[in-house]
Amino acid sequence: MSQWLEQVIARGEQANLTGPRLQALTALKQQRWPTRKSEAWRYTSVTPVEQLELSTESAAPASPTKIAGLDSLDLVFIDGVLQQQLNTLSLPEGLTIQALTTLNTEEHSATALFAQIKPAHHLFGLVNDVLAEQGLIINVAPGADITLPVRIINLSSQGKESHVRVVVRLGEQARLCVIEQGEGQDPCLHTYFAEYQIGAQAHLEHYRLALHTGKALQVGGNHFRLLEKAQLSSTLVAFGSDLSRLDVDIEHAGEHAKAKFNAIYLLGTGETFDLHSCIEHAVPNGTTEENARGIVGDRAKAVFNGRIHIHRHAQKTLAELNNRNLLLSRRGQINTKPELEIYADDVKCAHGATVAEIEEKALYYLLSRGISRSQALIMLNFGFIQELINEIPNAPLANWLHDKLRHKFSQMEVK
Amino acid sequence: MLKIHNLHAKVEDKTILKGLSLEIKPGEVHAIMGPNGAGKSTLGYVLSGRDGYEVIDGQVELGGKDLLELETEERAREGLFLAFQYPVEIPGVSNMEFMKESVNAMREARGEEPLSAAEFLKKAKEACKQVHLPLDFLKRGVNEGFSGGEKKRNEIMQMILLEPKLCILDESDSGLDIDALQVVADGVNSQRSPERSFIVVTHYQRLLDYIKPDFVHILADGKIVKSGDASLALEVEKEGYAWLGGKAQEADA
Ligand SMILES: Nc1ncnc2c1ncn2[C@@H]1O[C@H](COP(=O)(O)OP(=O)(O)O)[C@@H](O)[C@H]1O
Ligand SMILES: [Mg+2]
């Protein structure tokens, strides 16, 4: 048992937890601190979490990045503390947002979902269950079409630990766009877990921008449950840091649901990013399309574990998962592992994982137009993830991400 | 402009060009015809310096410079342009970015300032119109999802923007209907000038009704086997390549 985990448990004991949070504390006591032998943490070390030095000094004021042309409802957490008064916000009709602190006191249909969609086996998910004091409970009324994107911003500053939790419920035929954006670069620890129930025929457009980098440690998850004919379109954009880890779970709980999940990761020198995704097809006629693409820089490390689990009754499932990686240096490292578990016989399932190389034909084409070799390689390498940026439906966000990724990429060396 | 002397080249240990010689003066248009597999595309690749196409003998000069000493991108900056028979699709790179980079690479080589985004856009739009491609093609990935004809017109658009000295068009007519052929031919004709030369590689005489060549050469089995004026193309059209003898005929089959 690690000191760090013991200290989390001790804090949980003092907090007089009830309900699902108490259950999480009990489960956490059964957990072992991950080592290289733990399947879920085989390639990524949690040691940085233990070594993190916290500071009691107050942090320099931070302000969230503006995304040009994006009109959004911004909810800002700095080091885990919400900066707005929720009751002063004017919200579109059909959208309600409550603070997580009301979890134990107020009855709300969404509060009942806390820790119900996120699987209990994620260690840091349990930590977040126990420690998250702040967060949001978002509810979209049936049939409500919320066109204003909700942007949840988490900023982490030096020496701070923060735990934020979000639970979102979309009623039948509701529509919502959520952008989750995390940033920080100084030594800190941030956990952020979000659970989504997408009601029958509802539609969620979701973005997770996991932009913690440098010495900032972030561990989090996005967990989606899709009811009948629900649609999810989720885009993850991640940088790497000393420790950056995300678990994404997509559960097809109702038939004829459609999930599309694109992940882009761009890892600079020495950075680590670890993505575990798990798609559960529990019912027939579901569709999942997952595309993960990464560019891995010098001495950087990408871990991708993509699991698709098609249950026995989940006939007529269509599931496609593809992971492609581009190594910019021999000293970069990629661990990609598909995990297919198919128990139904009438399904279409494709799974591919590759370490890509720049095509000679494409390089030759650019060279033949006078473009220098180094510039051509930059364009082609970046083009590899640009393809997924092009699929982002929100244009201002796509432009902003393009510039941000391009800027980071231009500072990376092709070796 | 271009002097090719006794060029021998191989691909993967197979010798394809077997002593090809050709001289082109400024402002001239030379057509190269010949059966499938004769080595027409190979000639373009060798001249542009594609990896894997190895020159084993001979010399090539472009504007007095030893072309074979140069890298692919340097050859392009010296004014060599190859319109590909099969242009490649590059989904992640937009046409706009691709062409802006290449136009500015050429400008830099000439010691000119790079074009600003706005200046480039203006030029690109004009070129786009000239080859009858919708403007949204500029935003799309390079050749991504373009039809065969659109790809060929995109090549011509690049030629217009890059203002090369020597243009090699590799079957820019194949697979085109008569309207698209007209667009390609108009694009080429608009670029003809006393300083600019063309090699028009084609399988059919048809294109040469629109782009009038000064000379026509027959390339067979890696060599120029016959040269003449425009009437040679009509002869080929009538008689095929049978007169070339067994080997070339086989390649044509
Ligand atoms: N990469 C390659 N490897 C081996 N043979 C090749 C390659 N490229 C072309 N060839 C061969 O070279 C010959 C000439 O091809 P090509 O130049 O494409 O002919 P053309 O354009 O005249 O139809 C053909 O026999 C073809 O099969
Ligand atoms: Mg050819």
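It should be emphasised that the depicted structure is a prediction, and the values quoted were computed from it without experimental measurement. (Residues numbered from 1 in each chain as written. Chains lettered and ligands numbered in written order. Predicted model: local features only at pLDDT ≥ 70, side-chain atom pairs only at ≥ 80, totals over all residues. Heavy atoms only, no water.)

Here we look at the overall build of chain B
A count of helical and extended segments in chain B gives 9 helices and 12 strands. In terms of overall size, chain B behaves like a compact globule, its C-alpha atoms giving a radius of gyration of 18 Å where 253 residues would be expected to give roughly 18 Å. With respect to the three principal axes, the spread of C-alpha positions in chain B is 55 × 40 × 35 Å. Counting over 253 residues, chain B shows a buried share of 51%. Restricting to contacts in chain B with at least 6 residues of sequence separation, those with at least 24 account for 69%. Working note: accessible area of chain B is about 11100 Å², and carbon and sulfur atoms make up 47% of it. Side chains of chain B carry 31 positive and 43 negative charges; the gap between the two charge centres is 2 Å. (Helix = DSSP H or I, 4+ residues; strand = E, 2+ residues; numbered from the N terminus. Rg over C-alpha atoms; globule rule 2.2 N^0.38 Å. Buried < 20%, exposed > 50% of the residue type's maximum accessible area, 1.4 Å probe, protein only. Contact = heavy atoms within 4.5 Å. Areas by Shrake-Rupley, 256 points an atom, 1.4 Å probe, with all protein chains shown as cover. Lys, Arg positive; Asp, Glu negative; His and termini not counted. Charge placed at Lys NZ, Arg CZ, Asp CG, Glu CD.)

Structural notes on the overall build of chain A
Counting its secondary structure elements, chain A contains 7 helices and 19 strands. Since a compact globule built from 415 residues should have a radius of gyration of about 22 Å, the 21 Å found for chain A is in line with a globular shape. If one aligns the C-alpha atoms of chain A with their principal axes, the spans along those axes are about 70 × 55 × 45 Å. Burial status across chain A gives 58% buried among its 415 residues. Restricting to contacts in chain A with at least 6 residues of sequence separation, those with at least 24 account for 85%. Of the roughly 17000 Å² of accessible surface on chain A, a fraction of 46% belongs to carbon and sulfur atoms. When the 39 basic and 46 acidic side-chain charges of chain A are each reduced to a single mean position, those positions are 6 Å apart.

Comments concerning the coordination of the magnesium ion (ligand 2)
Each pair of donors in an ideal four-coordinate tetrahedral metal site encloses 109.5 degrees, whereas pairs in an ideal six-coordinate octahedral site enclose 90 or 180 degrees. All names here are of chain B. The magnesium ion (ligand 2) binds to the protein through Ser41 (OG) and Gln85 (OE1), with metal-donor distances spanning 2.1 to 2.3 Å. With Ser41 in helix α1 (residues 40-48) and Gln85 in the loop between β6 (80-83) and β7 (90-94), this residue pair connects regions lying 44 residues apart in the sequence. By the burial criterion, Ser41 is buried, and Gln85 matches it. (Donors = N, O, S within 2.8 Å, 3.2 Å for Na, K, Ca; no water.)

Quick word on the UniProt feature "domain: SUF system FeS cluster assembly SufBD core" (unreviewed entry) in chain A
Taken from the UniProt record, the annotation "domain: SUF system FeS cluster assembly SufBD core" (unreviewed entry) applies to residues 157-384 of chain A. Counting secondary structure, residues 157-384 of chain A comes out at 9% helix and 63% strand; the distance between its end C-alpha atoms is 32 Å. (UniProt positions renumbered as here; feature names shortened; annotations may be inferred.)

Overview of the site of ligand 1
Residue and element names in this part refer to chain B. Every one of the 13 residues lining ligand 1 counts as a neighbour, but Ile16, Gly37, Lys40, Ser41 and Thr42 are closest to it. Between a nitrogen atom of ligand 1 and a side-chain N or O atom of Glu12, the distance comes to 3.4 Å. Where the shell around ligand 1 is concerned, the elements lending two or more residues are β2 (14-24) and α1. Here the shell around ligand 1 gets 3 residues from one element, more than from any other, and that element is α1. (Near = heavy atom within 4 Å. Polar contact = N/O pair within 3.5 Å; in protein donor to acceptor, adjacent residues only side chain to side chain.)

As for the state of the cysteines
Here the structure, examined in full by the defined rule, presents 0 disulfides over all chains. Of the cysteine sulfurs around Cys278 of chain A, a residue in no disulfide, the closest is that of Cys349 of chain A, at 12 Å. (Disulfide = S-S within 2.5 Å.)

Examining the pattern of salt bridges
All names here are of chain A. As enumerated under the stated definition, the model contains 32 salt bridges over all chains in all. Residue Lys118 is joined to Asp129 by a salt bridge in which the shortest nitrogen-to-oxygen separation is 3.0 Å. Of this pair, Lys118 sits in the loop between β3 (95-99) and α4 (123-131) while Asp129 sits in helix α4, and the two are 11 residues apart along the sequence. In this structure Lys118 comes out as buried when scored by relative accessible area, which is 3%. Between Glu391 and Lys260 there is a salt bridge, with its nearest N and O atoms 2.9 Å apart. Of this pair, Glu391 sits in the loop between α6 (373-389) and α7 (395-410) while Lys260 sits in strand β13 (residues 258-267), placing them 131 residues apart in sequence. Take Glu391: its relative accessible area is 39%, and that puts it in the partly exposed class. (Salt bridge = Lys/Arg side-chain N within 4 Å of Asp/Glu carboxyl O.)

Focus on helix α4 (residues 117-130) of chain B
Residue and element names in this part refer to chain B. Here α4 is 14 residues long and its end C-alpha atoms lie 20 Å apart, about the 20 Å a rise of 1.5 Å per residue gives. The set of residues buried in α4 consists of Phe120, Ala124, Ala127 and Cys128. Summarising the axial view, the buried residues of α4 lie within an arc of 100°, below the 170-degree limit, and thus occupy one face. Away from its buried face by more than 90 degrees, α4 exposes Ala118, Lys122 and Lys129. On its buried side, α4 packs onto α3 (95-109) and α5 (148-162). (Expected span 1.5 Å × (residues − 1). Arc of directions from axis to C-beta.)

Side note on the pairing of strand β4 (residues 53-62) of chain B
Residues and elements named next belong to chain B. Direction of pairing for strand β1 (residues 2-11) relative to β4: antiparallel, over a ladder of 8 bridges. Within β4, the position partnered with Lys10 by the bridge is Glu54. Pairing between β4 and strand β5 (residues 65-66): 2 bridges, direction antiparallel. Residue pairing in the sheet places Leu62 in a bridge with Lys65 of β5. (Pairing = 2+ DSSP bridges.)

Looking at the sheet that holds β2 of chain B
Residues and elements named next belong to chain B. Taken together, the 4 strands give an open sheet; going across it, the order is β2-β1-β4-β5, and neighbouring strands pair in antiparallel fashion. The outermost strands of the open sheet, each flanked by one partner alone, are β2 and β5. Across the face of the sheet, α1 comes into contact with β1, β2 and β4 while running at roughly 105° to β1. (Axes fitted to C-alpha atoms, helices over the stretch in contact; angles between N-to-C directions.)

Some thoughts on helix α5 (residues 360-367) of chain A
Helical geometry note: an α-helix holds 3.6 residues per turn, so side chains three or four residues apart project in the same direction. Taken across its 8 residues, α5 of chain A has 6 buried, putting it largely inside the fold. The set of residues buried in α5 of chain A consists of Ala362, Leu363, Tyr364, Tyr365, Leu366 and Leu367 of chain A.

Topic: the side chain of Glu290 of chain A
Residues and elements named next belong to chain A. Tracing the backbone shows Glu290 in strand β15 (residues 287-296). No salt bridge forms around the buried Glu290; measuring N to O, its nearest opposite-charge neighbour Lys260 is 11 Å away. Beyond its immediate chain neighbours, meaning those up to four positions away, Glu290 contacts Phe261, Ser277, Ile279, Phe304, Glu320, Leu321 and Asn322.

Describing unusual backbone geometry
Trans peptide bonds make up most of the peptide bonds, and negative phi angles are found at most residues other than glycine. Despite not being glycine, Gln173 of chain A has its phi angle at roughly 60°, a positive value. If you trace the backbone, Gln173 of chain A turns up in the loop between β6 (161-170) and β7 (175-184). Accessibility expressed as a relative area gives 46% for Gln173 of chain A, which makes it partly exposed. Within the chain, Asp221 of chain B stands out as a residue other than glycine whose phi angle is a positive 50°. Of note, Asp221 of chain B is situated in the loop between β11 (215-220) and β12 (223-228). Residue Asp221 of chain B is classed as partly exposed on the basis of its relative accessible area, which comes to 29%.

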